[in-house]
Amino acid sequence: MSRAMFGSRFAASFGKTWLIGGFLFLYLPMVTLIVYSFNKSSLPTIWGGFTFDWYVKLASDHEILSGLWLSLKIAFWSATLSVIFGTMAAFAMVKYKRFPGRTFFTGMVNAPLVMPEVIQGLSLLLMLVAIQRITGFPEKGFLTILLGHMVLGLAYGAVVISARLQELNPQLEEAAMDLGAKPWQVFYLVTLPMITQSLASAWLLTFSLSLDDVVTSAFLSGPGATTMPLVIFSRARLGMSPSVNAIATVTIVIVAVCVTVASILVARAERRRAAEISAAQRDGS
């Protein structure tokens, strides 16, 4: 066997080994958590048999169920608003190369990505408290947590969407305008279908970030507005319980279902769009 062939085989096997090791490092703890959520023993490290008791008890745990429902609502609206405002910010950064304050605007949009979340949560808390003292609104709770999550999600959404916008061929939009399309028609009929995947990716990313956020929620939560991660964190400090494993498993299932459904819908839309393009090319020829 030649040295070059040996080197290529070694590189391929080495890469596969690192890939498998990376997946095990990421997902083996989740698999362990799911398995121990069916543990009959109340001790999290001792297997006492298979049972669904912790899921049955979870159905009557009003504190953690209300926290889960609140987290899902905040994550949904946070992801939706982050995608909307992130798209606007991405268009401003990509489509408009020169405008007063562009550098400052870009820096402020990207700042939450590198700013420690503790500082971000504290600064938002001080600002919202000052506003609340002056206007009497908003009270700490759902709205304040939503605003905090949206600030962080907007930055991630803008980065994901702007990366896709930079790859688009501007000649397609220019051709639509030459044919008489108005700017909003160009965006709705040309640009939006081409960035659908990035919008879905940004939504899923910001949804996941909001669903498991602890630091920002801890600063901005109020009485009667405790998210699921805060409930889990407070219980974990007193010792892990299989009930915590059960709600974590439910969360993993929810996120996995959302990602799977979104991936299927995006793939179908992309195949439909590719078929329409190929059909139009055949008709044109």
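All values derive from a computational prediction rather than experimental measurement.

(A) Structural view of the overall build of the protein. Within the protein one finds 12 helices and zero strands. Counting from the amino terminus, the protein carries its helices and strands in the arrangement α-α-α-α-α-α-α-α-α-α-α-α. Its C-alpha atoms give the protein a radius of gyration of 24 Å, clearly above 19 Å, the size a compact globule of 285 residues would have. Once the C-alpha set of the protein is aligned to its principal axes, its extents read approximately 75 × 70 × 40 Å. In the protein, of all internal contacts separated by at least 6 residues, the share reaching a separation of at least 24 is 70%. Total accessible area on the protein is roughly 17600 Å²; 70% of this is exposed by carbon and sulfur atoms.

(B) Expanded view of the environment of alanine 158. Structurally, alanine 158 is set in helix 6 (residues 142-167). Here the alpha-carbon distance between alanine 158 and glycine 86, two residues 72 residues apart in the chain, equals 4.2 Å. What alanine 158 contacts, discounting residues up to four positions off in sequence, is Gly86, Ala89, Ala90, Met93 and Val109.

(C) Structural context of the nonpolar core. Core analysis: the biggest nonpolar cluster contains 14 residues, and Ile161, Leu165, Leu168, Val190, Ile195 and Leu199 have the highest contact counts within it. Listing elements by their share of this core, those giving two or more residues are helix 3 (62-95), helix 6, helix 8 (183-194) and helix 9 (196-211). When residues in this core are grouped by element, the largest group, four residues, is from helix 3. Once residues within four sequence positions are removed from consideration, isoleucine 161 is found in contact with Val83, Gly86, Thr87, Ala90, Ser198, Leu199 and Ala202. Listed in part, the 10 residues of the second largest apolar core include Trp54, Met228, Val231 and Val244.

(D) Region of the structure containing the side chain of serine 78. Checked against the element boundaries, serine 78 lands in helix 3. Accessibility expressed as a relative area gives 1% for serine 78, which makes it buried. Setting aside anything within four residues of it in sequence, one finds serine 78 in contact with Leu146, His149, Met150 and Ser210.

(E) Looking closely at the packing of aromatic side chains. Under the criterion given, the structure shown has nine aromatic pairs. The interplanar angle of 85 degrees and the centroid separation of 5.5 Å between the aromatic rings of phenylalanine 38 and phenylalanine 52 together place this pair among those described as edge-to-face. You can see phenylalanine 38 sitting in the loop between helix 1 (3-36) and helix 2 (53-58) and its partner phenylalanine 52 sitting in the loop between helix 1 and helix 2, a full 14 residues away along the chain. Under the relative-accessibility criterion, phenylalanine 38 is labelled buried at 17%. Take phenylalanine 52: its relative accessible area is 49%, and that puts it in the partly exposed class.

(F) Quick look at the UniProt feature "transmembrane region" (unreviewed entry) in the protein. The sites that carry the UniProt feature "transmembrane region" (unreviewed entry) are, in the present numbering, residues 18-38, 74-94, 114-135, 141-165, 186-205 and 246-267. For residues 186-205, the helix share is 95%, the strand share is 0%, and the end-to-end C-alpha distance is 27 Å.

(G) Spatial organisation of a nonpolar patch on the surface. A cluster of nonpolar side chains, namely Ile20, Leu24, Leu28, Val31, Val35, Trp47, Phe50, Phe52 and Val56, defines an oily patch on the protein surface of about 900 Å² accessible area. Ranked by residue count, the leading element in the nonpolar patch is helix 1, at five residues. Structurally, valine 31 can be placed in helix 1. The class of valine 31 is partly exposed, set by a relative accessible area of 44%.

(H) Structural context of the packing of helix 7 (residues 170-178) against helix 8. Here helix 7 crosses helix 8 at 160 degrees, and the two axes come no closer than 10 Å. Judged by the angle between their axes, helix 7 and helix 8 are roughly antiparallel. The hand of the helix 7/helix 8 crossing is right-handed. Contact residues: Leu172, Glu173, Ala176 and Met177 in helix 7; Val186, Val190, Thr191 and Met194 in helix 8. Class assignment for the residues of the contact of helix 7 with helix 8 results in six nonpolar, one polar and one charged.

(I) Just the packing of helix 5 (residues 117-135) against helix 6, in detail. Relative to each other, helix 5 and helix 6 sit at 135 degrees, their axes nearing to 11 Å. Classified by the angle their axes make, helix 5 and helix 6 are oblique. Considering how the two elements wind past one another, helix 5 and helix 6 form a crossing that is right-handed. Residues Glu117, Gln120, Leu124 and Leu128 of helix 5 touch helix 6, and the partners they reach there are Thr144, Leu147, Gly148, Val151 and Leu152.

(J) Highlighting the environment of threonine 251. Looking at where threonine 251 falls in the secondary structure, it is placed in helix 12 (residues 242-284). C-alpha of threonine 251 to C-alpha of leucine 68: the two residues are 183 residues apart in sequence and 8.4 Å apart in space. In this structure, threonine 251 is in contact with Leu68, Leu211 and Met228, ignoring residues within four places of it in sequence.

What counts, and where the lines are drawn
- Residues numbered from 1 in each chain as written.
- Predicted model: local features only at pLDDT ≥ 70, side-chain atom pairs only at ≥ 80, totals over all residues.
- Heavy atoms only, no water.
- Helix = DSSP H or I, 4+ residues; strand = E, 2+ residues; numbered from the N terminus.
- Rg over C-alpha atoms; globule rule 2.2 N^0.38 Å.
- Contact = heavy atoms within 4.5 Å.
- Areas by Shrake-Rupley, 256 points an atom, 1.4 Å probe, with all protein chains shown as cover.
- Core = buried A, V, L, I, M, F, W, Y, C linked by side-chain atoms within 4.5 Å.
- Buried < 20%, exposed > 50% of the residue type's maximum accessible area, 1.4 Å probe, protein only.
- Phe/Tyr/Trp six-rings, centres within 6.5 Å; stacked < 30°, edge-to-face > 60°.
- UniProt positions renumbered as here; feature names shortened; annotations may be inferred.
- Patch = residues over 30% accessible without salt bridge, like charges linked within 9 Å, V, L, I, M, F, W, Y side chains within 5 Å.
- Salt bridge = Lys/Arg side-chain N within 4 Å of Asp/Glu carboxyl O.
- Axes fitted to C-alpha atoms, helices over the stretch in contact; angles between N-to-C directions.
- Parallel < 35°, antiparallel > 145°, perpendicular 65-115°, else oblique.
- Left-handed = near helix turned anticlockwise from the far one by under 90°.
- Nonpolar A, V, L, I, M, F, W, Y, C, P; charged D, E, K, R; others polar.

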